[in-house]
Amino acid sequence: MKSVVSHQASTPQGTTDSLGSKLRRKRKNGVAGYAFVSGYFILLALFGIAPAVYAICLAFTSTGGHVVGLSNFIKTGEDFRFLPAFENIAEYLSIWLASLVVIVIGLALMLHSISRKVSAAFRFIFYLPGALAGAASVLVWLFMLDPTVSPWRLFLGIFDFKNLGQTILPGHLPIIFAIIAFWAGAGGWIVVTYGALNNIPNELIEAAELDGAGPMQTALRIKLPLIKKWITFMLILAFAAGTQLFVEPQLVGEASLGLISPTWSPNELAYYFAFQNNNFNYAAAISVDLLVIGLLCAAVLVFRTKLFEVE
Amino acid sequence: MQFDQENNKQQTDRKGTESMSSPIRSKEGRRRLRPKLRSSVLAIVASALAVATFGVATSASAAAAKKPTITIWVDSTRVPQVKAYEKAHPTVKIDMVTYNGNANGSGSLQSRIALDNRVGGGWPDIVFSEENNDAASLASSQFNYPAVLNNGTVPSKVLGGYAAGTLAGCTVNGKVYCLRNDLAMNLLFYNSALMTQFGYTVPTTWQGWAALGAEVATQHPGYIVGSVGDNWDDDIYLWPSECHVNDVIKTDTIVINGADPNCTRATQLIDPLVKDGSVTTDSVFSSTFGTTYKNKILMMVGPAWYGQYLFPGIVTNGDLAVADPLSWGSGPTVTGEVGGGLWFMSSHLKGATKALTASILTWLSTSYGSQGISPGYPAYVADETAWVAGQQASGLYSNQIAPVFAKAATEVWSGWSPVPWSTDSVFGSTVVTGINSGQTLTSQLSAFASQLADYAQSDGYTVVTTP
């Protein structure tokens with residue numbers, strides 16, 4: 001992320017170089033570029049593309065390896081756990097994405113308009129929870145959610161939650177997982193959005209101020225439209241990550257000694273098919289469903305916001 | 001890289017050419033760098049190959065060695081039993097792996113076996129599971145994991161040494177796939193000191209238990225006669241009531257009927273007690289259960305292992321007593337069970353390793369050296385007397401437990417079958433969450449039953465509502 005920002009910031013200014021030296025630089029950049037990308041590409045091919053291709057193959061074949069067309073998709077779609085799982089994830093996503101967009105951008109805009117020293121301290125604080133890896137952050141939350149041990153038991157008491165079982169009722173889960181996801185993930189996005197805001201040329205903001213725009217107007221009319229692509233980018237990644245929710249329901253389920261359905265989210269359902277029913281083909285079909293949904297959402301956002309167009 | 005740069009710089013400087021440009025950018029530098037790159041790539045490949053060969057070599061030497069390492073997967077409660085084996089047999093190499101025991105429908109064991117099946121290796125040699133349904137699940141064609149034990153793998157004398165009917169859960173189509181660790185039949189635990197202090201008599205029927213619960217709620221609020229906060233409470237309340245939600249009557253046909261009067265009679269009895277607080281909705285293993293209910297548990301129906309596993313520290317030593325399972329007034333008294341633990345061995349073993357593994361399996365599940373330190377009532381008859389004597393000597397109980405345990409062990413109702421899904425898990429996500437959101441147990445029975453029917457149908461069972 002950082003490299004993109006700095007790269008944009010240091011767009012070559014000098015255009016007086018001779019054509020020859022320009023070409024040479026281009027070729028050199030090309031080689032260095034490939035070298036830098038290769039490490040990532042190898043890992044992507046091994047652990048990203050290859051498993052995805054494998055999953056797609058599995059999704060269209062039977063356990064015996066015969067091609068069965070869409071049969072796996074139809075059978076999983078008809079399963080009694082399929083719809084509830086997707087409903088759960090949809091509810092979770094709507095809370096998580098809405099809060100992400102509104103709060104992250106709001107906080108980043110605020111940070112950008114206060115003094116640099118203070119804002120650096122705040123950015124650090126916002127980022128801190130993100131330093132805990134997924135599973136560890138869920139464990140922290142298990143303590144927070146159990147009214148018998150939580151440091152926030154007073155707060156949980158307002159809702160009349162007396163034990164962990166009452167806190168994690170099915171109706172509360174989407175919002176609880178959204179809070180956990182926000183707590184762990186929002187800090188990183190605040191830092192990224194702040195970076196994007198820093199990318200806005202000072203002259204633009206100064207011009208707006210000269211024209212009489214207040215902090216609010218500058219934020220909403222100048223800064224916000226200029227970071228639109230970053231917001232799209234954040235939405236695409238957050239959506240993809242959100243549809244794959246797994247660790248949170250799985251761990252909370254185990255910690256509550258099994259009070260959450262083991263097939264709460266689509267990813268958990270895929271896991272259940274693979275490992276409880278030993279049906280990797282059904283599991284692959286659900287993961288392909290998720291892949292398609294993620295791609296569709298990304299495509300809509302990319303085309304609607306012209307994400308890849310260079311001005 | 002820095003070294004390379006300096007090296008190149010020295011060389012270019014020595015030649016006295018292109019001193020202005022960076023050495024790497026120069027053609028000369030690039031040419032020199034290439035062989036270096038090539039050699040470093042070669043070095044990496046070589047070292048990778050070396051690591052790989054070393055790995056092969058060590059595994060080959062392990063296979064060649066006469067003493068195989070036996071991998072044993074257990075939950076943390078069973079660790080002392082495996083350690084006891086290691087101590088008694090110092091020459092046998094054991095690789096003990098602790099996992100969650102496949103408890104509460106977590107399915108971690110199935111996950112592992114499915115992966116091992118996929119790669120065709122890596123199966124644990126011996127596995128302990130807390131999940132009583134696992135023989136049905138693991139022996140199915142989906143997993144094909146456990147070895148058949150009643151074909152001479154384990155001596156028939158050993159199999160014959162188990163209490164009658166206790167290997168039923170391990171038996172699928174006449175083949176025995178596992179050995180029971182302990183019997184987990186439900187009993188009525190009570191605090192004899194409190195009973196005397198309050199002037200109550202110990203009930204013998206569920207109706208009597210509920211009536212006493214109602215009295216406790218008015219006369220001694222804060223004291224409890226049971227708990228419904230855990231996902232295995234179906235085994236504690238519905239199973240002994242002969243509730244038909246889990247009754248496989250013939251291969252692939254199951255009776256599931258949430259409206260069965262045998263189910264509702266139990267839930268209707270408990271609902272008012274949940275409301276008046278004499279039956280708590282806290283999980284018995286929640287972090288504060290011990291402090292909240294210290295010496296406040298007047299009675300509690302629960303599996304035999306609650307005695308040694310749950311109550312010490314919550315009930316003062318010497319105040320705990322056990323009574324026969326509660327009856328429903330008419331018909332023979334039956335009870336349910338929670339867990340009990342199963343020992344499996346892998347079907348993928350051969351020759352000496354198989355024989356050794358079978359002997360370890362037998363030792364862990366039948367020898368007193370192992371069972372004597374298990375918190376559960378041994379399923380292997382020969383160990384029972386000594387185990388009970390040990391429990392009695394611990395001073396936890398105020399009455400004689402031997403006759404109660406022995407009688408209850410034979411009373412487990414057979415209409416609650418092992419199935420490939422976790423009934424407890426469904427009970428947890430429907431009924432227990434329902435109670436936590438203020439609903440009654442009775443109102444959740446239909447959701448419980450309909451989800452069980454969904455699971456049964458998706459696993460290929462025909463669901464019927466009458467036996």
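The model shown is predicted, which means the values in this text are computed figures rather than measured ones.

Undergrad: Would you mind going over the overall build of chain A with me for this structure?
TA: Counting its secondary structure elements, chain A contains 15 helices and zero strands. Every one of the 311 residues in chain A was classed for burial, and the buried ones make up 34%. Considering only contacts in chain A between residues 6 or more positions apart, those separated by 24 or more positions represent 68%.

Undergrad: In this structure, what is going on with the overall build of chain B? I would like to understand it.
TA: Along the backbone of chain B there are 18 helices and 17 strands. Looking at the 467 residues of chain B, the share that counts as buried comes to 47%. Considering only intrachain contacts with a sequence separation of at least 6, the fraction spanning at least 24 residues in chain B is 75%.

Undergrad: Help me out: how do you make sense of the interface of chain B and chain A in this one?
TA: Often, the extent of an interface is quoted as the loss of accessible area on bringing the components together. Contacts between chain B and chain A engage 29 residues on the former and 23 residues on the latter. Of all the secondary structure elements, the ones that give two or more residues to the side of chain B that touches chain A are α4 (108-119), α17 (423-436) and α18 (441-458) of chain B. For the side of chain B that touches chain A, the leading source of residues is α17 of chain B, giving seven residues. Looking at side-chain class alone, the side of chain B that touches chain A contains four nonpolar, 21 polar and four charged residues.

Undergrad: Would you mind showing me how to read the nonpolar core here?
TA: Most often, soluble globular proteins keep nonpolar side chains buried together rather than apart. Residue and element names in this part refer to chain B. Counting residues in hydrophobic clusters, the biggest one holds 185 residues, and the most contacted among them are F189 and F344. Each of domain 2 (69-180 + 341-375) and domain 3 (186-334 + 399-464) accounts for three or more of the residues forming this core. With residues up to four places along the chain from it excluded, the contact list for F344 reads I126, V127, S129, L138, Y145, P146, Y177 and C178.

Undergrad: How do you make sense of the packing of helix α14 (residues 266-275) of chain A against helix α15 (residues 280-305) of chain A when you look at a structure like this?
TA: Helices that pack against each other are described as a pair by the angle of their axes relative to one another and the distance between those axes. Residue and element names in this part refer to chain A. One way to put it is that α14 packs onto α15 with a least axis distance of 7 Å and a crossing angle of 160°. In terms of orientation, α14 lies roughly antiparallel with respect to α15. Between α14 and α15 the crossing geometry is left-handed. The segment α14 lies against α15, with P266, L269, A270, Y271, F273 and A274 engaging F280, Y282, A283, I286, S287, D289 and L290. Across the contact of α14 with α15, the residue classes tally to 11 nonpolar, one polar and one charged.

Undergrad: It is not clear to me how the sheet that holds strand β6 (residues 179-180) of chain B should be interpreted in this structure. Could you clarify?
TA: Across a sheet, paired strands are connected by hydrogen bonds in the backbone, their directions being either parallel or antiparallel. Residues and elements named next belong to chain B. Strands sit in the order β2-β1-β3-β15-β6 across an open sheet of five strands; the sheet is mixed. Looking at strand neighbours, the two that pair on one side only are β2 (93-98) and β6, the edges of this open sheet. With six bridges connecting them, strand β1 (residues 69-74) and β2 associate as parallel partners. The residue of β2 that forms the bridge with W73 is V97. Relative to β2, helix α3 (residues 79-88) is tilted by about 170°, and along the sheet it contacts β1 and β2.

Undergrad: Can you walk me through unusual backbone geometry in this structure?
TA: Glycine aside, residues mostly have negative phi, and peptide bonds are mostly found in the trans state. Positive phi values are uncommon outside glycine, yet N278 of chain A reaches one of about 55°. Here N278 of chain A is to be found in the loop between α14 and α15. Phi at E242 of chain B takes a positive value of approximately 60°, unusual for a residue other than glycine. Relative to the elements of secondary structure, E242 of chain B occurs in the loop between α9 (233-238) and β10 (247-250).

Undergrad: How should the sheet that holds strand β11 (residues 253-255) of chain B be read in this particular structure?
TA: All names here are of chain B. Overall, mixed pairing links the three strands, which are arranged β10-β11-β17 in an open sheet. Since the sheet does not close on itself, it has two edges, and those belong to β10 and β17 (462-464), each with one partner. Along the sheet, successive strands turn relative to each other by an average axial angle of 35°, direction set aside. Relative to β11, β10 runs antiparallel, the two sharing three bridges. Of the residues in β11, the one forming a bridge with V248 is I254.

Undergrad: Looking at this structure, how should I read the domain arrangement of chain B?
TA: All names here are of chain B. For chain B, the assigned domains read domain 1 (2-64), domain 2 (69-180 + 341-375) and domain 3 (186-334 + 399-464). Each of domain 2 and domain 3 was reduced to a C-alpha centroid, and the two centroids are 28 Å apart. At the junction of the two partners, domain 2 supplies 14 residues and domain 3 supplies 13 residues.

Undergrad: Help me understand helix α16 (residues 402-409) of chain B in this model?
TA: Every α-helix carries 3.6 residues per turn, so stepping three or four residues along brings you back to the same face. Residues and elements named next belong to chain B. Among all positions in α16, only V404, F405, A408 and A409 are buried. Projected onto a plane normal to the axis of α16, the buried residues spread over an arc of 125° and lie on a single side. Looking at the buried side of α16, the elements it contacts are β7 (182-183), β8 (186-191), β14 (320-323), β16 (377-378) and α15 (381-393).

Undergrad: What is the right way to read the packing of α17 of chain B against α18 of chain B from this model?
TA: Residues and elements named next belong to chain B. Following both chains from N to C, one finds α17 and α18 inclined at 150°, their axes separated by 9 Å at the closest point. By the criterion of interaxial angle, the relationship of α17 to α18 is roughly antiparallel. Considering how the two elements wind past one another, α17 and α18 form a crossing that is right-handed. Contact residues: T423, V426, F427, T430, V431, G434 and I435 in α17; L441, S443, Q444, A447, F448, Q451, L452 and Y455 in α18. A class-by-class count of the residues in the contact of α17 with α18 yields nine nonpolar, six polar and no charged.

The rules behind each value
Residues numbered from 1 in each chain as written. Chains lettered and ligands numbered in written order. Predicted model: local features only at pLDDT ≥ 70, side-chain atom pairs only at ≥ 80, totals over all residues. Helix = DSSP H or I, 4+ residues; strand = E, 2+ residues; numbered from the N terminus. Buried ≥ 20, exposed ≤ 12 C-beta atoms within 10 Å, placed from the backbone. Contact = placed C-beta atoms within 7 Å. Nonpolar A, V, L, I, M, F, W, Y, C, P; charged D, E, K, R; others polar. Core = buried A, V, L, I, M, F, W, Y, C linked by C-beta atoms within 7 Å. Domains from an automatic or database assignment. Axes fitted to C-alpha atoms, helices over the stretch in contact; angles between N-to-C directions. Parallel < 35°, antiparallel > 145°, perpendicular 65-115°, else oblique. Left-handed = near helix turned anticlockwise from the far one by under 90°. Pairing = 2+ DSSP bridges. Arc of directions from axis to C-beta.

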